[in-house]
Amino acid sequence: TTPKIDEYILGDYQKANKDDYLLYNAAQRSLDKTIDALGRHRVEENVERLRSLQQQNDEQCASKVTMPCPEPKDEQEKRDHIRLVKESCYFSDIGCGHACTDEVLADY
C-alpha cells in the first residue's frame, strides 16, 4: 500500500470502525479462551478433521453437483432448472449438492 493509504487505515478508517474492531477483538479473546478450555490440541485435531472432510466433499461432489445457475433461456431449460433446484438444492440455489455431502458424511 501507499503511505497515504497506510495513514488513512491507521487513522480515520480505524476511528470510523472502532466498534467493529472492539467486537472483533472481544470475539477473538473469547474464542481463544474457549479453545484453551477445550484443549488446543483437541481443537486442532477437529479442525484438521473438518478440513479433510471438506476436501473429500470437494473431490467427490464437485462433478456431481448441478448448480441451477444461470437462469434458463427457454421453457425446456426452465423446466429442467426447476427440477434440478428441487433435486439438488434446499431452496432456490441455497444448499446445492447437499445430497452428495450427506453421502460423504455417511461414509464418515
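1. Quick word on the overall build of the protein chain
Here comes step 1: Check the secondary structure of the protein chain and you find 5 helices and 0 strands.
Here comes step 2: Relative to the compact-globule value of 13 Å for 108 residues, the protein chain shows a C-alpha radius of gyration of 22 Å, a clear excess of over 25%.
Here comes step 3: C-alpha atoms of the protein chain, sized along the principal axes, occupy 55 × 40 × 25 Å.
Here comes step 4: Of the contacts made within the protein chain by residues no fewer than 6 positions apart, 49% connect residues no fewer than 24 positions apart.
Here comes step 5: Split by element, the accessible area of the protein chain, about 9000 Å² in all, is 55% carbon and sulfur.
Here comes step 6: The distance from the centre of the 15 positive side-chain charges to the centre of the 22 negative ones in the protein chain is 4 Å.

2. Considerations on the pattern of salt bridges
Close approach of charged atoms allows side chains with opposite charge to pair.
Here comes step 1: According to the stated counting rule, one finds 1 salt bridge in the structure shown.
Here comes step 2: Notably, a salt bridge pairs Arg-40 with Asp-36, separated by 3.0 Å at the nearest N-O pair.
Here comes step 3: On the basis of relative accessibility, which here comes to 49%, the residue Asp-36 falls in the partly exposed class.

3. Section: helix α5 (residues 98-107)
Here comes step 1: Within α5 the residues assigned to the buried category are His-98, Cys-100 and Val-104. Down the axis, α5 shows its buried residues gathered within 160 degrees of arc, on one side only.

4. Thoughts on helix α4 (residues 75-88)
Owing to its 3.6 residues per turn, the α-helix brings residues three or four apart onto one side.
Here comes step 1: Counted at 1.5 Å a residue, the expected span for α4 with its 14 residues is 20 Å, and the 20 Å between its end C-alpha atoms agrees.
Here comes step 2: All of the buried residues in α4 are His-81, Val-85 and Ser-88. For α4, the buried positions fall inside an angular range of 95 degrees around the axis, keeping them on one side. Exposed and facing more than 90 degrees away from the buried side of α4 are Glu-75 and Lys-86.
Here comes step 3: Buried residues in α4 make contact with α5.
Here comes step 4: The N-capping residue of α4, defined by a side-chain oxygen 3.2 Å from the backbone nitrogen of Gln-76, is Asp-74.

5. Some remarks on the packing of aromatic side chains
Think of a pair of aromatic rings as described by two things: how far the centres are apart, and how the planes are tilted against each other in angle.
Here comes step 1: All told, the structure shown has 1 aromatic pair when counted by the stated rule.
Here comes step 2: A ring pair is formed by Tyr-8 and Tyr-13, whose centres lie 6.0 Å apart and whose planes are at 55 degrees; its orientation type is tilted.
Here comes step 3: Overall, Tyr-8 belongs to the partly exposed group, its relative accessible area being 47%.

The rules behind the values
- Residues numbered from 1 in each chain as written.
- Predicted model: local features only at pLDDT ≥ 70, side-chain atom pairs only at ≥ 80, totals over all residues.
- Heavy atoms only, no water.
- Helix = DSSP H or I, 4+ residues; strand = E, 2+ residues; numbered from the N terminus.
- Rg over C-alpha atoms; globule rule 2.2 N^0.38 Å.
- Contact = heavy atoms within 4.5 Å.
- Areas by Shrake-Rupley, 256 points an atom, 1.4 Å probe, with all protein chains shown as cover.
- Lys, Arg positive; Asp, Glu negative; His and termini not counted.
- Charge placed at Lys NZ, Arg CZ, Asp CG, Glu CD.
- Salt bridge = Lys/Arg side-chain N within 4 Å of Asp/Glu carboxyl O.
- Buried < 20%, exposed > 50% of the residue type's maximum accessible area, 1.4 Å probe, protein only.
- Arc of directions from axis to C-beta.
- Expected span 1.5 Å × (residues − 1).
- Polar contact = N/O pair within 3.5 Å; in protein donor to acceptor, adjacent residues only side chain to side chain.
- Phe/Tyr/Trp six-rings, centres within 6.5 Å; stacked < 30°, edge-to-face > 60°.

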